[in-house]
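# Residue-level structure breakdown
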Amino acid sequence: MHTIRMGGGVVLFCACLMSFPTSGQNLVWKDTIMLVGLNHLADSGSLMIKFRITQDLEYAVTCSNILVINWKHDPNTNQVSLLQHVKYQSQFNNNRNLKISNSFVHDLGIQCFFDSISRFQPDENTLDTRLEFSLSKNFSFSAFSRLSTRLFNAYNYATGTSGTLCKTLNASFLTPLIWTMSAGFGWTVPRFVTLSVGLSSAKLTCVYNKVIFDQLKVSDYYGVPKDKNHIFEYGLSMHLLVDRDVSNRVHWNCDVLMFKNYKKPVDVVLNNLVGIRINKFLKTSIQTHLLYESAVSRHLQIENMFSVGFCFNL
């Protein structure tokens, strides 16, 4: 009798668990948090996924040859450089209608010229954040933010009247700091292209090192007047991102950001990268950086970079 009572108690306990709704416990598997109900353990085994987090890290060290055309800050000189590239991406989504993406790109090069001048170039650090709320299959509400600055000082070099080499500061950390933000609508083709149109956009340009005005002998720098340390602009924007594998060894990434102040010409920043993986750890790439900003130069500035070097992903 004692044994029968214990067995009946176990059956009654299990029946109570199955008759009342319960959400069980949160389980973590491969960066995914899943909500598993106890009643799912007895059926087909389907899982209710609450949200997913994915991460990717790419690191590369390459030797590069740079061809410069109409570049305002530097003389049109070919050079050889050692380039470090770091790209970290993370994505949060709830597998339904919400996705938050983050991307940090760090490019730092050490250039050596034939006249023994060495400098940090390129020195680009960009943090992108994108929020997408799906309205239909490929159409969504989107909010976008891009923050960019350099880390080290940059100089213009010239030969003085006495024949000595003189250098003039033309950029430094947070000088300038450019922050572009927008809210609007986006259209996405999965694993191929994302297009966002910012119906309400703004651009913040900050100048932390005020010495830059005296060094360059200018009254404004990137549109910021000498008596101020920042300028805030309103307008419209468009962001186009193509990120896809053309083949098993070729990857294409094209990033175009356009901002139109209501009273000024459009600003354009384009980065186009074609990477070719030779083997597991060797990679070659062709990168084009295009910049047009009327407050800096009336010319279209183009920088082309060809590189080959060591690369790995985590």
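Preceding this section is the structure that the text describes.
This report concerns the structure included in the present document. Keep in mind that what you see is a predicted model, and the values were worked out from it rather than measured. (Residues numbered from 1 in each chain as written. Predicted model: local features only at pLDDT ≥ 70, side-chain atom pairs only at ≥ 80, totals over all residues. Heavy atoms only, no water.)

This next bit is on the overall build of the protein chain. Assigned secondary structure in the protein chain consists of two helices and 18 strands. When contacts within the protein chain are restricted to residue pairs at least 6 apart in sequence, long-range pairs at least 24 apart make up 51% of them. Approximately 18700 Å² of the protein chain is accessible, and the part contributed by carbon and sulfur atoms is 65%. (Helix = DSSP H or I, 4+ residues; strand = E, 2+ residues; numbered from the N terminus. Contact = heavy atoms within 4.5 Å. Areas by Shrake-Rupley, 256 points an atom, 1.4 Å probe, with all protein chains shown as cover.)

Soluble, globular proteins show a tendency: their nonpolar side chains are buried together. Counting twelve residues, the largest nonpolar core is built from Ala154, Leu169, Ala171, Ile178, Val207, Ile212, Phe213, Tyr221, Tyr222, Val224, Ile231 and Val296. Contributing elements (two or more residues each) for this core: β9 (165–171) and α2 (211–216). Once residues within four sequence positions are removed from consideration, tyrosine 221 is found in contact with Asn170, Ala171, Thr175, Pro176, Val207, Ile212, Phe213 and Leu216. (Core = buried A, V, L, I, M, F, W, Y, C linked by side-chain atoms within 4.5 Å. Buried < 20%, exposed > 50% of the residue type's maximum accessible area, 1.4 Å probe, protein only.)

Our focus in this paragraph is the pattern of salt bridges. Overall, the coordinates contain nine salt bridges when judged by the stated rule. For the salt bridge of lysine 226 with aspartate 214, the shortest nitrogen-to-oxygen distance reads 3.2 Å. Here the residue lysine 226 occupies a position in the loop between β13 (224–225) and β14 (230–245), and aspartate 214 occupies one in helix α2, the gap between them amounting to twelve residues. For lysine 226, a relative accessible area of 42% translates into the label partly exposed. Among the charged side chains, a network of salt bridges with common partners joins Asp128, Arg146 and Asp255. (Salt bridge = Lys/Arg side-chain N within 4 Å of Asp/Glu carboxyl O.)

Time to look at the environment of asparagine 279. Inspection of the secondary structure puts asparagine 279 in the loop between β16 (266–277) and β17 (282–292). Spatially, the C-alpha atom of asparagine 279 lies 8.4 Å from that of arginine 249, the residues being 30 residues apart in sequence. Polar side-chain contacts of asparagine 279 include one of 3.0 Å to the backbone nitrogen of phenylalanine 281. (Polar contact = N/O pair within 3.5 Å; in protein donor to acceptor, adjacent residues only side chain to side chain.)

Scanning all chains against the criterion turns up eight aromatic pairs. Judged by centre distance (5.6 Å) and plane angle (5 degrees), the ring pair of phenylalanine 139 and phenylalanine 185 falls under stacked. One end of the pair, phenylalanine 139, is in strand β7 (residues 139–149); the other, phenylalanine 185, is in strand β10 (residues 177–189), and 46 residues separate them in sequence. Take phenylalanine 139: its relative accessible area is 38%, and that puts it in the partly exposed class. Look at phenylalanine 185 and you get partly exposed, because its relative accessible area is 36%. Here phenylalanine 281 and phenylalanine 310 contribute two aromatic rings whose centre-to-centre distance is 5.8 Å and whose plane-to-plane angle is 15 degrees, an arrangement assigned as stacked. Residue phenylalanine 281 is found in the loop between β16 and β17, and its partner phenylalanine 310 is found in strand β18 (residues 301–313); the two are separated by 29 residues along the sequence. A relative accessible area of 39% means that phenylalanine 281 is categorised as partly exposed. (Phe/Tyr/Trp six-rings, centres within 6.5 Å; stacked < 30°, edge-to-face > 60°.)

Okay, a nonpolar patch on the surface next. On the surface, a nonpolar cluster with roughly 800 Å² of combined accessible area is contributed by Leu131, Phe133, Leu135, Phe139, Phe141, Phe185, Trp187, Val197 and Leu199. Those elements that provide at least two residues to the nonpolar patch are β6 (118–134), β7, β10 and β11 (193–206). Inspection of the secondary structure puts leucine 199 in strand β11. Residue class for leucine 199 comes out exposed when judged on its relative accessible area of 51%. (Patch = residues over 30% accessible without salt bridge, like charges linked within 9 Å, V, L, I, M, F, W, Y side chains within 5 Å.)

Here we come to the side chain of arginine 119. Its place among the elements puts arginine 119 in strand β6. Side-chain polar atoms of arginine 119 contact the side chain of glutamine 111, separated by 2.6 Å.

This part takes up unusual backbone geometry. At the junction of glutamine 121 and proline 122, the peptide bond is cis and its omega measures out at 5 degrees in the coordinates. Secondary-structure assignment places proline 122 in strand β6. Residue proline 176 is reached from threonine 175 by a cis peptide bond, and omega for that bond is 0 degrees. With respect to the helices, strands and loops of the structure, proline 176 is situated in the loop between β9 and β10. In this model, arginine 191 sits at a positive phi of 60 degrees, which is unusual for a non-glycine residue. With a relative accessible area of 76%, arginine 191 lands in the exposed category. The phi dihedral of tyrosine 222 is positive, around 55 degrees, even though this residue is not glycine. As for its placement among the helices and strands, tyrosine 222 is situated in the loop between β12 (220–221) and β13.

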